[in-house]
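# Residue-level structure breakdown
Here is what each chain is made of, one letter per residue.
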Amino acid sequence: MSIDKFATIQSSAVPLPIENVDTDQIIPARFLKATTRDGFGENLFRDWRYDKSGQPKADFVLNKRKYSGTILVGGKNFGSGSSREHAAWAIYDYGFKVVISSFFADIFKNNALNNGLLPVQVSDQFLAKIFKAIYADPETLLKVDLEGQKVTLAASGESEKFEINPYKKECLLNGYDDIDYLLSLKDKIAQFEQTRKSVPV
């Protein structure tokens, strides 16, 4: 499964300052019947977005027109709970390219990276600054530079570095899944095989 190449993103953001958001809240278990990534965004945060009759809840952030963008800013310990890959699918399918938090559950973090969604972990202090900036101006821009591994508040210029596995970084920058990455090395692999053939046994 190929993914989109990740370029530097500058976007407004959607604030979700709730801690311990688990994967069942991100995508409830009753919507896990499909086996492809398509269509899961429709039910992202389903039980928080809609009431029992299917009507949007006006007080939930995804239903507020003033908040938009391709960056989701979550509270600490985002993506805890079960290991379902569908949680990353739902966030990506909805249109988010980046999730920012001060801590991610490891399994969610890996699932996100494997599906083209960049989890950016920042300090508690910088996360608080991001939320404050968004609430002061919903149109405020965040810049996420994967190559430089830095997230910046565009208005103030304040920034913070973030860590990422070098292999996953390369895959995101080039739009590779694991198979694509191996295929990108086929010339080097062939060259290595030729070298091995010339070595006496």
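Definitions and cut-offs
Residues numbered from 1 in each chain as written. Predicted model: local features only at pLDDT ≥ 70, side-chain atom pairs only at ≥ 80, totals over all residues. Heavy atoms only, no water. Pairing = 2+ DSSP bridges. Helix = DSSP H or I, 4+ residues; strand = E, 2+ residues; numbered from the N terminus. Axes fitted to C-alpha atoms, helices over the stretch in contact; angles between N-to-C directions. Salt bridge = Lys/Arg side-chain N within 4 Å of Asp/Glu carboxyl O. Buried < 20%, exposed > 50% of the residue type's maximum accessible area, 1.4 Å probe, protein only. Core = buried A, V, L, I, M, F, W, Y, C linked by side-chain atoms within 4.5 Å. Contact = heavy atoms within 4.5 Å. Right-handed = clockwise from strand over helix to strand, strands pointing away. Phe/Tyr/Trp six-rings, centres within 6.5 Å; stacked < 30°, edge-to-face > 60°. Lys NZ or Arg CZ within 6 Å of the ring centre and 35° of its normal. Expected span 1.5 Å × (residues − 1). Arc of directions from axis to C-beta.

A word on the sheet that holds strand β2 (residues 13-16). Pairing within the open sheet is parallel, and its four strands lie in the order β2-β3-β4-β5. Among the strands making up the open sheet, the edge pair consists of β2 and β5 (118-121). Strand-to-strand twist in this sheet, taken as the mean axis angle between neighbours without regard to direction, amounts to 20°. Relative to β5, strand β4 (residues 98-101) runs parallel, the two being bridged by four bridges.

Throughout the structure, instances matching the rule amount to four salt bridges. Two residues, arginine 84 and aspartate 24, come together in a salt bridge whose shortest N-O distance is 3.0 Å. Here arginine 84 is found in the loop between β3 (71-74) and α3 (86-94), whereas its partner aspartate 24 is found in helix α1 (residues 23-26), with 60 residues between them in sequence. The class for aspartate 24 is partly exposed, based on a relative accessible area of 37%. Put simply, lysine 76 and aspartate 124 hold a salt bridge, and the shortest N to O gap is 3.8 Å.

Looking now at the nonpolar core. Core analysis: the biggest nonpolar cluster contains 53 residues, and Phe45, Val73, Phe78, Ile100, Phe108 and Leu118 have the highest contact counts within it. When residues no more than four places from it in sequence are discounted, the contact partners of phenylalanine 45 are Leu16, Val21, Gln25, Ile26, Phe60, Leu62, Leu72 and Phe78.

Attention now goes to the pairing of β3. Of the two faces of β3, the one holding Ile71 and Val73 and the one holding Leu72 and Gly74 are both buried throughout. In terms of strand pairing, β2 meets β3 through four bridges, oriented parallel. Paired with leucine 16 across the two strands is glycine 74, which belongs to β3. The pairing of β3 with β4 spans three bridges and is parallel. Directly across from valine 73, in β4, lies its bridge partner isoleucine 100. Since β3 and β4 lie parallel, the crossover through α3 that links them has a hand, and here it is right-handed.

A few words now on the packing of aromatic side chains. Taken as a whole, this structure holds 10 aromatic pairs when the rule is applied. When the ring of phenylalanine 131 is compared with that of tyrosine 135, the centres are 6.4 Å apart and the planes differ by 15°; the resulting orientation is stacked. Here the residue phenylalanine 131 and the residue tyrosine 135 both occupy positions in helix α5 (residues 124-136), the gap between them amounting to four residues, near one helical turn. Judged by relative accessible area, which is 11%, phenylalanine 131 ranks as buried. Accessibility expressed as a relative area gives 44% for tyrosine 135, which makes it partly exposed. Linked through ring pairs, Phe45, Trp48 and Phe60 together constitute an aromatic cluster. Over the face of the ring belonging to tyrosine 92 we find lysine 97, whose NZ or CZ atom lies 4.3 Å from the ring centre.

Turning our attention to α5. Look at α5: 18 Å from first C-alpha to last across 13 residues, which is about the 18 Å you get at 1.5 Å a residue. Buried within α5 are the following residues: Phe126, Leu127, Ile130, Phe131, Ala133 and Ile134. Considered in projection along α5, the buried side chains sweep an arc of 160° and stay on one side of the axis. Those residues of α5 that are exposed and aimed more than 90 degrees away from the buried face are Gln125, Lys132 and Ala136. Contacts from the buried residues of α5 go to β2, β3, β4, β6 (142-145), β7 (150-153) and β8 (159-161).

The values are spatial; any link to function lies outside them.
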